[in-house]
Amino acid sequence: MPKKKSDKLWGARFEHDADSLTDQYNASISFDIRLYREDIAGSKAHATMLARQNIITTQDRDLILNGLAEIEQEIAEGRFIFSVEREDIHLNIEAALTERIGDAGRRLHTARSRNDQIATDIRLFVRDACDSVITSLRSFRSILLKLAEKESATVMPGYTHLQRAQPILLSHHLQAYEAMFARDTERFVQTRTRTNQSPLGTGALAGVSFKIDRALSANLLGFDGVIENSIDAVSDRDFVFDFHSACALSMIHISRLSEELILWASAEFGFLNLDDRFSTGSSIMPQKKNPDLAELARGKSARTIGNLVQIMTLLKGQPLAYNKDMQEDKEALFDSVDTVLDTINIMSAMLPSCSFNRQHMKTAAEANFSLATDYADYLTKKNVPFREAHSAVGSLVSFCEKENKTLAELTLEELQNIHPAFDKGALEITIESALNARAVNGGTAPQTVKKARKAAQSRLNEETK
Ligand code: ARG
């Protein structure tokens, strides 16, 4: 190979150009292109700060700011030509800027390294991603609360071990999800707070030798403050972990809701009908209506869990400070943001379109002796020790099974044959009495659920005001 100086921005000490395989393997431009807005914002703040500190002239600053604005416009309109040889978003933009404005462009990288530059870009990206997810989660929670309100009189069987256990209100069940998503929202808010600290100005790892003003560039970028330790600033991606962790947990919650929609839409449950707009057909079985979207939402939780494992594995064992391994933090991050936002979006549209088979759900809530606990509680309130009451009602259930009767069909005499403490009040045990009885804070009594819904709604209003 002929001897030739490298044409890379960092190439002066190299004798030869990189092998094309090296360029391909090393480059991140195919995906970090997505950070162009953050990268340009970071550069603008940096240039503004350099001029304010008299490190570059105001003329150079203006050339830089205008050049970057033009480049941003070109990228947004798809007119900018990216090159793999220029490796990543930082070098593509810097090289294009220098082609346009000459020496001023060459001064932009004063008192900066790509290491603090990428750490800045990623933090800005994660901060925005948190904002988008927080907004979506809040709107999804409001949809859940509206649906709970609409279904406030709908009764269903509550399950443990997927066996009918006790009657509950559908609204209570939906509000349980709202509570999970409220905590998820909080996790993104906390992630945002930890993310929103500026690494800019920490250079490659040791800080820089110019009299820069880190607080100024941090402030221009809307950061709450600066990361104190320069080595920490360029080397950790724990905020990316936080983000993935919040995404994975939100998706785990969504997967549980999806799973229930899938079950409830089956003939076996028959609790709900999916809207045609949010279901699909089968290519072979003409009668089928499939809950594909809920299944995909359940399935896509796997990606976000995988992405969480990816960032943990990526960070584990890396020596301080920056290593190129870190470049691998991006694709999984982009994938998780997209997955979470798309999934919340589809769930927000699909869920309110479901129509619940209220009568069928109520019938199911009454079946299978689901009021047995209430019979035991009845005896207990007559001063029978709970264990004795439990055992008496066990015998009642067994008697009913033999006689092919429901608990409600038993006569007072039959009840008293099993336990003398039963009296005629026991004949008034119904779904309604069972629900109303559970007025304990957090319980499924209609008034309690309504109160809880109001409290959830005002928390949500408080968050969004
Ligand atoms: N593309 C790199 C990344 O994503 C940017 C930082 C590169 N820094 C370096 N010293 N090679 O992490």
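In case you missed it, the structure is sitting above this.
Residues numbered from 1 in each chain as written. Predicted model: local features only at pLDDT ≥ 70, side-chain atom pairs only at ≥ 80, totals over all residues. Heavy atoms only, no water.

## Notes on the packing of helix α3 (residues 36-52) against helix α4 (residues 58-76)
Selection criterion: Every axis corresponds to a line fitted to the C-alpha atoms, with the helix fit spanning only the stretch in contact, and the corresponding angles, defined between N-to-C directions, vary from 0 to 180 degrees. Strands are runs of DSSP state E lasting at least 2 residues, helices are runs of H or I lasting at least 4, and numbering of each runs from the N terminus. These descriptions rest on fixed angle ranges, namely under 35 degrees for roughly parallel, over 145 for roughly antiparallel, 65 to 115 for roughly perpendicular, and the rest for oblique. Any two residues whose heavy atoms approach within 4.5 Å are treated as being in contact. Ten residues, namely Ala, Val, Leu, Ile, Met, Phe, Trp, Tyr, Cys and Pro, are considered nonpolar, four, namely Asp, Glu, Lys and Arg, are considered charged, and the remaining ones, Gly among them, are considered polar.
α4 packs onto α3 with a crossing angle of 175 degrees between their chain directions and a minimal axis gap of 9 Å. With respect to each other, α3 and α4 are oriented roughly antiparallel. Taken together, the residues of α4 that come into contact with α3 (itself represented by Tyr36, Arg37, Ile40, Ser43, Lys44, Ala47, Thr48 and Ala51) are Arg61, Ile64, Leu65, Leu68, Ala69, Ile71, Glu72, Ile75 and Ala76. Residue composition of the contact of α3 with α4, grouped by class: 11 nonpolar, 2 polar and 4 charged.

## Concerning the packing of aromatic side chains
Stated precisely, the cut-off is as follows: Aromatic pairing here means that ring centres of Phe, Tyr or Trp (its six-membered ring) are within 6.5 Å. Orientation follows from the plane angle: under 30 degrees is stacked, over 60 is edge-to-face, and everything else is tilted. The buried label goes to any residue with under 20% of its type's maximum accessible area, the exposed label to any with over 50%, and the partly exposed label to all in between, with areas taken from a 1.4 Å probe on protein chains only. Either the NZ atom of lysine or the CZ atom of arginine qualifies as a charge over a ring when it sits within 6 Å of the ring centre and within 35 degrees of the ring normal.
If you walk through the whole model with that rule in mind, you get 12 aromatic pairs. Between Trp264 and Phe356 the ring centres are 6.4 Å apart and the planes differ by 65 degrees, which places this aromatic pair in the edge-to-face class. In this pair, Trp264 sits in helix α11 (residues 238-264) while Phe356 sits in strand β6 (residues 355-356), placing the two residues 92 residues apart along the sequence. Each member of the pair, Trp264 as well as Phe356, is classed as buried. Here a set of aromatic residues connected by ring pairs shows up, and it is made of Tyr159, Trp264, Phe269, Phe271 and Phe356. The positively charged end of Arg13 is found above the aromatic ring belonging to Phe14, 5.7 Å away from the centroid.

## Here's the deal with the site of the ligand
What counts, and what does not: We call a residue near a given molecule or strand whenever any one of its heavy atoms falls within 4 Å of it. Pairs of N or O atoms are called polar contacts if they sit within 3.5 Å, as long as, within protein, a hydrogen donor faces a hydrogen acceptor (for residues adjacent in sequence, only side-chain-to-side-chain pairs). Surface accessibility follows the Shrake-Rupley procedure with a 1.4 Å probe radius. Residue values consider only the protein chains on display as shielding.
Taken together, Ser28, Asp88, His90, Arg114, Asn115, Ile118, Tyr322, Gln327 and Lys330 make up all the residues around the ligand. Within the side chain of Ser28, a nitrogen or oxygen atom sits 3.3 Å from a nitrogen atom of the ligand. In this structure, Asn115 approaches the ligand through a side-chain N or O atom, which is 3.0 Å from a nitrogen atom. For the ligand, whose accessible area on its own is 340 Å², the fraction buried by protein is 86%. Among the elements that line the shell around the ligand, the one with the most residues is helix α7 (residues 114-150), at 3 residues. Residues of the shell around the ligand, tallied by class, amount to 2 nonpolar, 4 polar and 3 charged.

## Some remarks on the pattern of salt bridges
Basically, it comes down to this: Any carboxyl oxygen of Asp or Glu within 4 Å of a side-chain nitrogen of Lys or Arg constitutes a salt bridge here.
Enumeration according to the criterion identifies 32 salt bridges in this entry. A salt bridge links Lys8 to Asp23; the nearest nitrogen and oxygen atoms lie 3.0 Å apart. With Lys8 in the segment before α1 (20-26) and Asp23 in helix α1, this pair connects stretches of sequence that are 15 residues apart. The class for Lys8 is buried, based on a relative accessible area of 11%. On the accessibility criterion, Asp23 (11% relative accessible area) is buried. The partner of Glu463 in a salt bridge is Arg141, with the nearest N and O atoms 2.9 Å apart. Of this pair, Glu463 sits in helix α19 (residues 446-464) while Arg141 is found in helix α7, placing the two residues 322 residues apart along the sequence. Relative accessible area serves as the criterion here: at 30%, Glu463 is assigned to the partly exposed category. Among the ionic contacts, a cluster of salt bridges with common partners joins Glu87, Asp88, Arg114 and Lys324.

## Quick word on α3
Short version of the rule: A helix is expected to span 1.5 Å for every residue after the first.
With 17 residues, α3 ought to run about 24 Å at 1.5 Å a step, and its terminal C-alpha atoms sit 24 Å apart, in line with that. The buried count for α3 comes to 13 of 17 residues, which makes it a mostly enclosed element. Residue Asn54 follows α3 closely and has a positive phi angle near 60 degrees.

## Some thoughts on the pairing of strand β2 (residues 163-169)
What counts, and what does not: Between any two strands, at least two bridges found by DSSP are needed for them to pair.
Bridging between strand β1 (residues 155-160) and β2 involves 6 bridges; their strand directions are antiparallel. Its bridge partner being in β2, Thr160 is matched across the sheet by Gln163. Between β1 and β2, which pair antiparallel one after the other, the connecting turn spans 2 residues, and His161 there sits at a positive phi close to 60 degrees.

## A few points about a nonpolar patch on the surface
Which entries qualify depends on this criterion: Patches here: salt-bridge-free residues with over 30% relative accessible area, like charges joined within 9 Å, nonpolar side chains (Val, Leu, Ile, Met, Phe, Trp, Tyr) joined within 5 Å.
Together, Ile252, Ile305, Val309 and Met312 make up an exposed nonpolar region whose accessible area comes to about 290 Å². Inspection of the secondary structure assignment puts Ile252 in helix α11. Using a relative accessible area of 33% as the deciding quantity, one classes Ile252 as partly exposed.

## Examining unusual backbone geometry
Cis geometry is adopted by the peptide bond preceding Ala321, which originates at Leu320 and carries an omega value of 0 degrees. Checked against the element boundaries, Ala321 lands in the loop between α12 (292-315) and α13 (330-350). Positive phi outside glycine occurs at His161, with the angle close to 60 degrees. When you line up the elements, His161 lands in the loop between β1 and β2. Since its relative accessible area comes to 74%, His161 is described here as exposed. One non-glycine residue, Asn404, adopts positive backbone phi at about 55 degrees. With respect to the secondary-structure elements, Asn404 resides in the loop between α16 (386-403) and α17 (412-418). Classification of Asn404 as exposed rests on a relative accessible area of 69%.

Function-wise, these values are silent; they only describe arrangement.
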